[in-house]
Amino acid sequence: MSVNPEPRPTRSRLPAIAALVVVGAAVGFVATRPLGAPAQSTVSTSPGGSIVPGIGIGQAAPDFVRTSDGASLLTDVDGHPIRLADFAGRPLWIVFWATWCVPCQEEASDIVALYHAHRGAGLTVLAIDVQEPTSAVRDFVAEHGIDYRVALDASGDVRSLYGGWGLPIHFFLDAGGVIRDRSIGQLTRTTMESRLASILGD
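Residues numbered from 1 in each chain as written. Predicted model: local features only at pLDDT ≥ 70, side-chain atom pairs only at ≥ 80, totals over all residues. Heavy atoms only, no water.

Engineer: Please set out empty space enclosed by the protein residue by residue, giving values where relevant.
Structural biologist: Counted according to the given criterion, the structure contains one cavity of 30 Å³ or more. There is about 70 Å³ of room inside the largest cavity. Considering the residues around the largest cavity, the lining is formed by V95, W97, C104, E107, A108, I111, A127, F140, I146 and Y148. Looking at the lining of the largest cavity, the elements that each hand over two or more residues are β3 (92–97) and α2 (102–118). (1 Å grid on protein atoms, 1.4 Å probe; cavity = no way out; pocket = protein on both sides within 12 Å on 5 of 7 lines; lining within 4 Å. Points joined across faces, edges and corners; volume = space filled by probe spheres on them. Helix = DSSP H or I, 4+ residues; strand = E, 2+ residues; numbered from the N terminus.)

Engineer: For the nonpolar core, give the residues involved together with the corresponding values.
Structural biologist: F64, W93, I94, F96, L126 and I128 are the most contacted members of the largest nonpolar core, which totals 50 residues. The contacts of I128, once residues within four sequence positions are left out, are F64, L74, I94, V95, F96, W97, A151, D153 and V158. (Core = buried A, V, L, I, M, F, W, Y, C linked by side-chain atoms within 4.5 Å. Buried < 20%, exposed > 50% of the residue type's maximum accessible area, 1.4 Å probe, protein only. Contact = heavy atoms within 4.5 Å.)

Engineer: Lay out the environment of I184 with the relevant residues and their values.
Structural biologist: If you trace the backbone, I184 turns up in strand β7 (residues 179–184). On the basis of relative accessible area, I184 is assigned to the buried category, the value being 12%. With 13 residues separating them in the primary sequence, I184 and F171 have C-alpha atoms 9.0 Å apart.

Engineer: Provide a residue-level description of the packing of aromatic side chains, including the pertinent values.
Structural biologist: Following the criterion strictly, the structure yields seven aromatic pairs and no others. Centre to centre, the rings of F96 and F171 are 6.1 Å apart; their planes meet at 80°, and the pair counts as edge-to-face. Taken as a pair, F96 in strand β3 and F171 in strand β6 (residues 169–173) lie far apart in primary sequence, 75 residues in all. Each of the two residues, F96 as well as F171, counts as buried. Aromatic side chains Y115 and Y148 sit 5.6 Å apart centroid to centroid with 85° between the ring planes, which places their arrangement in the edge-to-face category. Residue Y115 is located in helix α2, and its partner Y148 is located in the loop between α3 (134–143) and β5 (149–153); the two are separated by 33 residues in the primary sequence. Here Y115 falls in the buried class, since its relative accessible area comes to 13%. Y148 gets classed as buried once you look at its relative accessible area, which sits at 8%. (Phe/Tyr/Trp six-rings, centres within 6.5 Å; stacked < 30°, edge-to-face > 60°.)

Engineer: Would you mind going over the state of the cysteines in detail, with residue names and values included?
Structural biologist: With the rule as written, the count across this model stands at one disulfide. Residue C101 pairs covalently with C104 via a disulfide, S to S 2.4 Å. Measuring handedness by torsion sign, the sulfur bridge of C101 and C104 sits at about 75° and is right-handed. For C101, a relative accessible area of 2% corresponds to the buried category. Here C104 falls in the buried class, since its relative accessible area comes to 4%. (Disulfide = S-S within 2.5 Å.)

Given below as structure tokens:
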């Protein structure tokens, strides 16, 4: 008894099959990207490629306050409120991070080193931890010898206000509070230096 061969896909089905292969590959690529993968982009995008609302280059950085009552959305590890006005008149490097974020861990020593190298030129740094317990942040700060300002964004509202995707995210503000550069993802020390030049004038 003869067996009929498996029917081949008709031409009408081929475009649909090809589209499914492309979509599957794209979904697989996005799903396997680490949250804090190194990147040098200055455009805030989601993994799907859509623009994420947030603050862009050339815009004034928003203060860390609730619009309803003007209360600060950030505190330091001792519970004291932090406002953007605390850094007025000085170039400011803001980095959003978390203790569990591997790229954040890897770049912490470089941030400390460059803060020490440029604080004589007026550089200030504010590391904003996103939605973690105070105890975890205290331990990380002690372990990595961090001696610049560290803030707690307990609600995640400031992170959402500034926009972007993943962690870490860097914002570089000039002495007038205007964002002159920003980057999503881990930075090398060389790239940090080039970004700082936009606010230090080196």
